[in-house]
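Here is what each chain is made of, one letter per residue.
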Amino acid sequence: MRNFGLLLKLQMDGIFRFSEFRYAKGTEKKLGFLLRSFIPLALAVLLYFGCYFLGQSLVQVGLTDAIPLIGYVLGSILTLVFTIIKINELLAGDDNAQFLLSLPIGTFWHVFLIFLRLYVESTVLVLLTNVPLIQGYGAATDLPGGFWGRWMVGVFFTCLPITGIASLVGVFLALILCTIKNSNLFHSLITLSVLFGMGVLVCNAVGKAGQVMASTKDPSEIIHSICVNYSFGRMYQRGVMENSGAYFFLFLIASSVWFLFFFLFMVAAYQEIVLALRAPKVYKKFEFGLQKAKTREKALEQKSWSQWIHSRSYMVSTLIGPMYAIMLSVFCLVKPHMISGVLIKYFDTTRSVESFVVVCGILLALIGMGCSSYCGYSIEGKRHWIRESAPMGEGNLGKYIVKRNLCITLPVAVIGSVCLAVAFSFGVLKGALLLLVAVAYCFATAVWGIRVDEKFADYSMMTENQILRQSTSFFLGWMPAVALPVAVIVVVILL
């Protein structure tokens, strides 16, 4: 256990960066550290109250009995997304991976700590979504005492099967792709494809739920739809909610097997996997030839695009929002009848201004998620000296980072605005206003992001995910771009 305690101390210091705070010089850096620590707590509170509002809304529309199963599915989806994003960094993306392997500590404790971290962080997400949902369910239903014990067991087993399956698939894909040219690009495309497929399934599920809500208040239709399409959800419903001993036992076994299988697999192959990911054998054929001359501006622009395309997490993180913006816009346009039930239940469709603001806010929030300029300088990491020694001003690099950002978000703004204006019958004036606001927001987020990173660029972080989600530029550049439209939506709905 001494070895486990040492590894745990190192990992905790890497996660919470206690040493950075202790040895930070200057009040400004310590305040920045406290800000980075406060924002995740604020996000957790926002997620909690958002799910609480969802639970109360489901009770009001007569879907109380479906709340626990909806919470289980929502927790599974969040676990899937979280595992897909985190697994490669946890295994070999951190520069400390090789240092940890050099310690005289057995592989078992390395793997155990990785899976413990995955489980704890995923379970926190599950609790933040399920606890507020079950509050509405418990207040509206008379429950026997044994239910709460079964429900707690179900919550703590929610993330196990998805974590095991997603980790296994992610590792196999990483191993297959690590020796292929442009492996990071292929891995990013596969990740985006998985997220896209999951988004399509969620849209269809929400659409079918909307049809049910428009036609009936019987929650059995939603429960049946989820159980038919999701086997773990069926075992959860039968075992936890309907108190079937056989299904409850099957739920525990099936959930544990996937997690334990991948854990034992990683214990046996962890060192080989880390070495394969960190130092893959790549064979290249070199040929002599004339180098094509390029202007400094062209070389700088190509460097900006290449760094984004061949990154581990940068491209994926900044494309998720725009991808879902296009998906939701097209879905609303192609299948407007499937969202009518949701609109009728949750929005007063006679208040055209309210519906316009909500739709516009959702589009702007997704466009804000596509901001990639907020870490344009910080992503250089330890290579920032190359940029500083280049024979050109820093403003030139910022210009091409903003240009790259706009090339991603502007088409999304145009397509999304047109589709949503037609789908919701906003008319010419409101449609044009939606388009102008979306385009203006693309420029505002791109320029604001690069201005923030110019002032708060941080080259000390070890991984891309730390830069993308833990840097000061993230909290001051990316988060306001998403939080501002969300805050407007919340205010409009509450008022």
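Please refer to the structure higher up on the page.
No experiment lies behind these values; they were computed from the predicted model shown.

Calculation rules
- Residues numbered from 1 in each chain as written.
- Predicted model: local features only at pLDDT ≥ 70, side-chain atom pairs only at ≥ 80, totals over all residues.
- Heavy atoms only, no water.
- Helix = DSSP H or I, 4+ residues; strand = E, 2+ residues; numbered from the N terminus.
- Buried < 20%, exposed > 50% of the residue type's maximum accessible area, 1.4 Å probe, protein only.
- Patch = residues over 30% accessible without salt bridge, like charges linked within 9 Å, V, L, I, M, F, W, Y side chains within 5 Å.
- Areas by Shrake-Rupley, 256 points an atom, 1.4 Å probe, with all protein chains shown as cover.
- Salt bridge = Lys/Arg side-chain N within 4 Å of Asp/Glu carboxyl O.
- Core = buried A, V, L, I, M, F, W, Y, C linked by side-chain atoms within 4.5 Å.
- Contact = heavy atoms within 4.5 Å.

Engineer: Is there a simple way to think about the overall build of the protein in this case?
Structural biologist: If you tally the helices and strands in the protein, you get 21 helices and zero strands. A burial count over the protein gives 45% of its 495 residues as buried.

Engineer: Would you take a moment to explain a nonpolar patch on the surface for this structure?
Structural biologist: Judged by side-chain polarity, Val330, Leu333, Val334, Val414, Ile415, Val418 and Val422 come together as a nonpolar surface patch covering roughly 550 Å² of accessible area. The set of elements that each furnish at least two residues to the nonpolar patch consists of α14 (314-334) and α18 (394-423). With four residues, the top contributor of residues to the nonpolar patch is α18. Of note, leucine 333 is situated in helix α14.

Engineer: What should I look at first to understand the nonpolar core in this one?
Structural biologist: For soluble globular proteins, nonpolar side chains are generally found buried alongside one another. Core analysis: the biggest nonpolar cluster contains 55 residues, and Tyr324, Leu363, Ile367, Tyr374, Leu434 and Trp478 have the highest contact counts within it. Put simply, the parts of the chain that give this core at least two residues each are α9 (183-215), α13 (296-309), α14, α16 (352-369), α18, α19 (427-456), α20 (464-470) and α21 (472-494). By residue number, the principal contributor to this core is α14, which donates 11 residues. Ignoring any residue separated from it by four or fewer positions in sequence, one finds tyrosine 374 in contact with Gly449, Asp453, Ile467, Leu468, Arg469, Ser473, Phe474, Gly477 and Trp478. Within the second largest apolar cluster, 31 residues are counted, among which are Ile70, Ile134, Phe147 and Val240.

Engineer: I tried to follow the pattern of salt bridges on my own but got confused; where do I start?
Structural biologist: It is possible for side chains bearing opposite charge to pair when their charged atoms get close. Summed over the entire model, instances satisfying the criterion amount to four salt bridges. A salt bridge links lysine 403 to glutamate 301; the shortest N-O distance between them is 3.1 Å. You can see lysine 403 sitting in helix α18 and its partner glutamate 301 sitting in helix α13, a full 102 residues away along the chain. Assessed through its relative accessible area of 40%, lysine 403 is described here as partly exposed. Using a relative accessible area of 17% as the deciding quantity, one classes glutamate 301 as buried.

Engineer: Please explain the side chain of serine 311 as it appears in this structure.
Structural biologist: Its place among the elements puts serine 311 in the loop between α13 and α14. Residue serine 311 is classed as buried on the basis of its relative accessible area of 2%. Not counting chain neighbours up to four residues away, the residues in contact with serine 311 comprise Asn184, Ser188 and Glu464.

Engineer: Would you explain the environment of glycine 146 in this entry?
Structural biologist: For glycine 146, the location among the structural elements is in helix α7 (residues 145-157). Judged by its relative accessible area of 43%, glycine 146 is partly exposed. For the pair glycine 146 and valine 240, spaced 94 residues apart in sequence, the C-alpha separation works out to 10.0 Å.

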